[in-house]
Amino acid sequence: VRHSRPPATARVGLMAAAMGEDVASDETPKVLLCGPNRGGKTSILKVVFQKMSPHETLFLEATQKPELTAVSRNALMRFKVLDFPGSAVFDDSSDPMLFSHTGVVVFVIDAQEEPYTEALAMAKKTIEVAHKVNPKISFDILIHKVDGDQFFSDDHKTDIQRDIHSKLTEELQDKVDAQIMFHCTSIYDHTIFEAFSKVVQKLIPQLPVLEQCLDYLITNSRMEKAYLFDAVSKVYIASDPQPVDLQSYELCSDMIDVVIDVSCIYGMAQDGMALPGYTGSDSKSSCVIHLNNGTLLYLREVDCCLALVCILREENFDRQHLLDYNIKVFKEALTEIFR
């Protein structure tokens, strides 16, 4: 029997085979990035992990085959992202080995392509197939491109997220008991970085211990909030158990940009992407930024490409030596966790 093109159900299996069996069977945690064509999947990957300017993504060509991006900076940031083209169809013929080593499936829906019927049908099928092979997989739905004029109102974004959430959960009801999170995102602001922070955290088994250590740190150091950042991507790997406020995350993220920009001019930066001294974990680089509301931001390196950014009241910064000692204890705890 001759086909003018391979049957749709065989496409993912063929593409996975083309990438080599070692990719599917590799036990490094994986994130699968999928969704309809022109949804912004590759742009997300380039902006978050390859520092591409959002405006440059306008010139990216459509993805034709699965593309692999390896992230390996330290013991915490060590995973691979598989970017699948929009033509990829996941079904029972898909390679089960691929899903068995996948931690998170990220499905991107273009918020500007209403009424989302095709995208939701594709998301439903992908979730059913992946969950059947590996019930431990988590799913994150990115309602992407919420940056046009029609999304000026936060209420509109909330309505769209609620609509997509209700439709997808209704479709999956009584079929799949999966962990699904929904995020409204754009590459033109911090929302995509915060969403991918949540994705990366699911790949870290030691996350509860990290959060507990950060909780001890803020309690004993009179801090308001603490984030552990990957300084290259500005993804936060962990924070203390207090609820994350997007505005505080944005401030800390912007602080990393400022420190890196200054470091590139005046310091010995590694490939122009890291703080001075990021070649090792013994550096003592730090930065303090005072805000006009009586709080300050305090950044300290704690490991290769890892930065601890703390928010605290100015009056609680009176004993910096004790603060630095507590951070030193936190660094030692990090070393023990990943020994």
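Heads up: these notes are all about the structure in this document. Every chain's residues receive numbers from 1 upward, in the order its sequence appears when written. Predicted model: local features are reported for residues with pLDDT of at least 70 only, side-chain atom pairs are reported and counted for 80 or more only, and whole-chain, interface and lining totals are derived from all residues. As a rule here, side-chain values cover all heavy atoms of the structure and leave hydrogens and water aside.

## What to know about the sheet that holds strand E1 (residues 30–34)
Turning to step 1, where the next piece is worked out: One bridge is not enough; two strands pair if DSSP finds at least two bridges between them. Secondary structure is summarised from DSSP: a helix means a run of H or I of at least four residues, a strand means a run of E of at least two, and numbering begins at the N terminus for each. Taking strand neighbours across the sheet as the criterion, the six strands line up as E2-E3-E1-E4-E5-E6 in an open arrangement whose pairing is mixed. With one partner strand each, in any of the chains shown, strand E2 (67–72) and strand E6 (179–184) form the two edges of the open sheet. On average, each strand axis in the sheet is inclined to that of its neighbour by 20°, with strand direction left out of account.
Turning to step 2, where the next piece is worked out: In the packing of helix H6 (residues 154–172) onto the sheet, the strands contacted are strand E4 (102–110), strand E5 (138–144) and E6, and the crossing angle to E6 comes to about 160°.
Turning to step 3, where the next piece is worked out: Contacting E1, strand E3 (78–83), E4, E5 and E6, helix H7 (residues 191–201) runs over the sheet at an angle of about 175° to E5. For helices, the axis comes from a line fit to the C-alpha atoms of the stretch in contact; other axes are also lines fit to C-alpha atoms, and the angle between any two N-to-C directions lies between 0 and 180 degrees. A contact between two residues is defined here by any heavy atoms of the two lying within 4.5 Å.

## Re helix H10 (residues 320–337)
Turning to step 1, where the next piece is worked out: To estimate how far a helix should reach, multiply one less than its number of residues by 1.5 Å. The terminal C-alpha atoms of H10 lie 26 Å apart, and with 18 residues this matches the ideal 26 Å at 1.5 Å per residue to within 8%.
Turning to step 2, where the next piece is worked out: Each residue is placed in one exposure class: buried if its accessible area under a 1.4 Å probe, protein chains only, is under 20% of its type's maximum, exposed if it is over 50%, and partly exposed if it falls in between. Within the span of H10, buried status applies to Leu-323, Asn-326, Ile-327, Phe-330, Lys-331 and Leu-334. Within H10, the buried residues cover an arc of 150° as seen down the axis, which keeps them to one side. In H10, the exposed positions angled more than 90 degrees off the buried face are occupied by His-321 and Tyr-325.
Turning to step 3, where the next piece is worked out: Buried-residue contacts for H10 involve helix H8 (207–221), strand E7 (225–230), strand E10 (295–303) and strand E11 (306–313). Picture the helix axis, draw a direction to every C-beta atom, and the arc is the one those directions span.

## A closer look at unusual backbone geometry
Turning to step 1, where the next piece is worked out: Residue Pro-115 is reached from Glu-114 by a cis peptide bond, and omega for that bond is 10°.
Turning to step 2, where the next piece is worked out: Tracing the backbone shows Pro-115 in the loop between E4 and helix H5 (117–133).
Turning to step 3, where the next piece is worked out: The residue Arg-38 is not glycine, and still its phi comes out positive at about 60°.
Turning to step 4, where the next piece is worked out: Its place among the elements puts Arg-38 in the loop between E1 and helix H3 (41–49).
Turning to step 5, where the next piece is worked out: Classification of Arg-38 as exposed rests on a relative accessible area of 52%.
Turning to step 6, where the next piece is worked out: At Cys-305, a residue that is not glycine, the phi angle is positive and equals roughly 65°.
Turning to step 7, where the next piece is worked out: For Cys-305, the location among the structural elements is in the loop between E10 and E11.
Turning to step 8, where the next piece is worked out: On the basis of relative accessibility, which here comes to 7%, the residue Cys-305 falls in the buried class.

## Things to note about the packing of H8 against H10
Turning to step 1, where the next piece is worked out: Where H8 meets H10, the axes come as close as 10 Å, and the angle between the chain directions of the two elements is 170°. When the axes of H8 and H10 are compared, the pair comes out roughly antiparallel. Contact residues: H8 offers Val-209, Leu-210, Cys-213, Leu-214, Leu-217, Asn-220 and Ser-221, while H10 offers Leu-323, Asn-326, Ile-327, Phe-330, Ala-333, Leu-334 and Ile-337.
Turning to step 2, where the next piece is worked out: Its residues assigned to classes, the contact of H8 with H10 comprises eleven nonpolar, three polar and no charged. Here is the rule for angles: anything less than 35 degrees is roughly parallel, anything more than 145 is roughly antiparallel, 65 through 115 is roughly perpendicular, and the remaining ranges are oblique. When residues are sorted by character, Ala, Val, Leu, Ile, Met, Phe, Trp, Tyr, Cys and Pro go into the nonpolar class, Asp, Glu, Lys and Arg into the charged class, and all the rest, Gly among them, into the polar class.

## A look at the packing of aromatic side chains
Turning to step 1, where the next piece is worked out: Geometry of aromatic contacts follows a simple scheme: Phe, Tyr and Trp rings, the Trp one being its six-membered ring, pair when their centres are within 6.5 Å, and the pair is stacked under 30 degrees between planes, edge-to-face over 60, tilted otherwise. Inspection of the entire model under this criterion finds eleven aromatic pairs.
Turning to step 2, where the next piece is worked out: Measuring from centroid to centroid gives 5.6 Å for Phe-90 and Phe-99, while their planes differ by 55°, and the two rings are tilted.
Turning to step 3, where the next piece is worked out: For Phe-90, a relative accessible area of 2% puts it in the buried group.
Turning to step 4, where the next piece is worked out: A residue is classified by how much of its surface remains accessible, and Phe-99, at 1% relative accessible area, is buried.
Turning to step 5, where the next piece is worked out: By definition, being over a ring means that NZ of Lys or CZ of Arg is both within 6 Å of the ring centre and within 35 degrees of the ring normal. The ring centre of Tyr-227 lies 5.6 Å from the NZ or CZ of Lys-225, which sits over that ring.
Turning to step 6, where the next piece is worked out: If you follow Lys-234 out to its NZ or CZ, it ends over the ring of Phe-193, 5.0 Å from the centre.

## Digging into the pairing of E6
Turning to step 1, where the next piece is worked out: Inspection of the sheet shows E5 paired to E6 by six bridges, in the parallel sense. Counterpart to Asp-140 in the pairing with E6 is Met-181.
Turning to step 2, where the next piece is worked out: Crossovers are marked right-handed if the path from the first strand over the helix to the second runs clockwise, as seen with the strands pointing away from the viewer. For the segment spanning E5, H6 and E6, crossover handedness is right-handed.

## Focus on the sheet that holds strand E9 (residues 286–290)
Turning to step 1, where the next piece is worked out: With antiparallel pairing, the five strands of this open sheet are ordered in space as E8-E7-E11-E10-E9. Here the strands that pair on one side only, and so sit at the sheet edges, are strand E8 (235–239) and E9. Going from strand to strand, the sheet's axes swing by 25° on average, the running direction of each strand aside.
Turning to step 2, where the next piece is worked out: Relative to E8, E7 runs antiparallel, the two sharing four bridges. From the neighbouring strand, Leu-228 faces E8, where its bridge partner is Ala-238.
Turning to step 3, where the next piece is worked out: Contacts from H8 reach E7, E8 and E11 within the one sheet, and its direction differs from that of E8 by about 70°.

## Description of the environment of Thr-191
Turning to step 1, where the next piece is worked out: Its place among the elements puts Thr-191 in helix H7.
Turning to step 2, where the next piece is worked out: For Thr-191 and His-144, which are 47 residues apart along the polypeptide, the C-alpha to C-alpha distance reads 9.7 Å.
Turning to step 3, where the next piece is worked out: Sequence-distant contacts of Thr-191, that is, excluding residues within four places in its chain, are made with Cys-184, Thr-185, Ser-186 and Leu-246.

## Considering the packing of H3 against H7
Turning to step 1, where the next piece is worked out: Two numbers describe how H3 lies on H7: the axes approach to 11 Å, and their chain directions differ by 85°. Viewed along their axes, H3 and H7 adopt a mutual orientation that is roughly perpendicular. In this structure, H3 contributes Ile-44, Val-47, Val-48 and Phe-49 to the contact, and H7 contributes Ile-192, Phe-193, Phe-196 and Val-200.
Turning to step 2, where the next piece is worked out: Here the contact of H3 with H7 is composed, by residue class, of eight nonpolar, no polar and no charged.

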